[in-house]
Structures are given as structure tokens and as C-alpha cells.
Amino acid sequence: MSKRTFLIIYGAAVKAGGGPSGTLLRRVQGAWEMSRRLAAPCYFIVTGGVGKHVPSEAHVMQKLLLDLGATNEQIIVEDQAKDTMDSTFYCAELLTRHSYQPQDDHVIICSSTYHNYRCQLLLWMLDVDSRRADMPSDKDALGTIKWLRYYIREALAIPWDLINIWVKLKF
């Protein structure tokens, strides 16, 4: 089987009216730019359900990718996840369904810089080897205080997620 690259784009808020939040837009643009630098065939896994506003985060990302030039065949949609943990489990299942082979295929996490580490850790716990993409920074758009708050939130979420994933895998 030839080498493939799966770029997992984790969702973020959808604005009223169905448009992407700035964070969601930066994640998709960062993943698209990453895909342009890769030689292997690229597939985008867009993950995120419906939050405060419709449509789902995944469907907004799908439209953005299509507008950028991706094909429907390159986009794998996961539109049920309610949070990072859900997204990680669903993406691991999708990789299995698409015959992901760790020795041949690559998985790249395309989320915000403050979020990438936790996503990578959760995927690792599900035996998915991945690396973090060099993504556009959210710091200027969010402001330093909000950006730091997101980093702190991620750091606090890690122990909680590790306990929850261990419980899910154990039982």
C-alpha cells in the first residue's frame, strides 16, 4: 500500500449564520497549507459536531476545504463529536476503517497550537502515532490573556482526559 497522510482538523466554533470562527478558519487554512507541502496523497479528517450554531463544525470545514481546492474524495467527515475526546475516538475509528497502517501512513494534527499537544497525547493513547502541524498562531487574534487562558485550560484538561480515556479503554 502506498504512503498516505491523514490531516486531522479538530473543530472549533461556528458563528451564528453558519460561518467559521476565526479559530476554525485558521485551523483549516493551516491544514491546507500543510497539505500543499506534502508529497504523499493527503486526506483531511474534519471532526466536530453541532455546537451552539448549525451546521456542524465538520461540514463548515468541508466547505472551506472544497472552496480551497480539495476534492470530496480527500475529505472524511466526522460530524458527531461533542468535544476533543469524542473527536479523538471517532478519528481513531475512521483511521481504522480507512486501513491506516502506522508503518506506511502518517497522521498530522491540525489544531490550534494550544490544543495540538493534548490531541496528540489522546491519539497516542489510542495507538495512533501522530505529529503536530506547525499551525498559524491564534495569539494575535485572541489577545494574550485569552490565549493564555486557553493554554491553561488545555493543561488542566490533560489529567481529566487521561483518566477518562483510561476508564473507557479499561471497560
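Residues numbered from 1 in each chain as written. Predicted model: local features only at pLDDT ≥ 70, side-chain atom pairs only at ≥ 80, totals over all residues. Heavy atoms only, no water.

**Some details on the overall build of the protein chain**
Each helix and strand in the protein chain was counted, giving 6 helices and 5 strands. Rg of the C-alpha trace for the protein chain: 15 Å, near the compact-globule value of 16 Å for 171 residues, within the 12% margin. Residues counted as buried form 49% of the 171 residues belonging to the protein chain. Long-range contacts, defined here as pairs at least 24 residues apart, represent 72% of the contacts in the protein chain between residues at least 6 apart. As displayed, the protein chain has an accessible area near 9,000 Å², and 56% of this comes from carbon and sulfur atoms. (Helix = DSSP H or I, 4+ residues; strand = E, 2+ residues; numbered from the N terminus. Rg over C-alpha atoms; globule rule 2.2 N^0.38 Å. Buried < 20%, exposed > 50% of the residue type's maximum accessible area, 1.4 Å probe, protein only. Contact = heavy atoms within 4.5 Å. Areas by Shrake-Rupley, 256 points an atom, 1.4 Å probe, with all protein chains shown as cover.)

**With respect to the environment of Cys-91**
Among the structural elements, Cys-91 can be located in helix α3 (residues 84-97). A relative accessible area of 0% places Cys-91 in the buried class. Sequence separation of Cys-91 and Val-167 is 76 residues, and the distance between their C-alpha atoms is 19 Å. Aside from chain neighbours lying at most four places away, what touches Cys-91 is Ile-8, Ile-45 and Thr-47.

**Quick look at the nonpolar core**
Within the largest apolar cluster, 23 residues are counted, with the highest numbers of intra-cluster contacts made by Leu-7, Ile-9, Phe-44, Val-46, Leu-65 and Cys-110. Elements represented by at least two residues in this core include exactly β1 (5-10), α1 (22-36), β2 (42-47), α2 (57-68) and β4 (106-110). In contact with Cys-110, other than residues within four places in its own chain, are Leu-7, Ile-8, Ile-9, Tyr-10, Arg-27, Ala-31, Asn-116, Ala-133 and Met-135. Grouped together as the second largest cluster of nonpolar side chains are 20 residues, Met-85, Cys-91, Ile-109 and Leu-122 included. (Core = buried A, V, L, I, M, F, W, Y, C linked by side-chain atoms within 4.5 Å.)

**Here we look at helix α4 (residues 113-125)**
Taken together, the buried positions of α4 are occupied by Tyr-114, His-115, Asn-116, Arg-118, Cys-119, Gln-120, Leu-121, Leu-122 and Leu-123. Where α4 ends, the next residue or the one after it, Asp-127, has phi of about 65°, a positive value.

**Comments concerning the pairing of strand β3 (residues 75-78)**
Look at any regular strand and the pattern is simple: side chains alternate between the two faces of the sheet. In this sheet, β3 lies alongside β2 in parallel orientation, the contact comprising 4 bridges. Following the sheet pairing, Thr-47 is matched in β3 by Glu-78. (Pairing = 2+ DSSP bridges.)

**Some points on the pairing of β1**
In terms of burial, β1 is a largely internal element, 6 of the 6 residues being buried. Along β1, one buried face is formed by Thr-5, Leu-7 and Ile-9 and the opposite face, lined by Phe-6, Ile-8 and Tyr-10, is buried too. In the sheet, β1 pairs with β2 via 6 bridges, with the strands oriented parallel. Bridge pairing in β2 places Leu-7 opposite Phe-44. Between β1 and its parallel partner β2, the chain crosses via α1, and the hand of that crossover is right-handed. (Right-handed = clockwise from strand over helix to strand, strands pointing away.)

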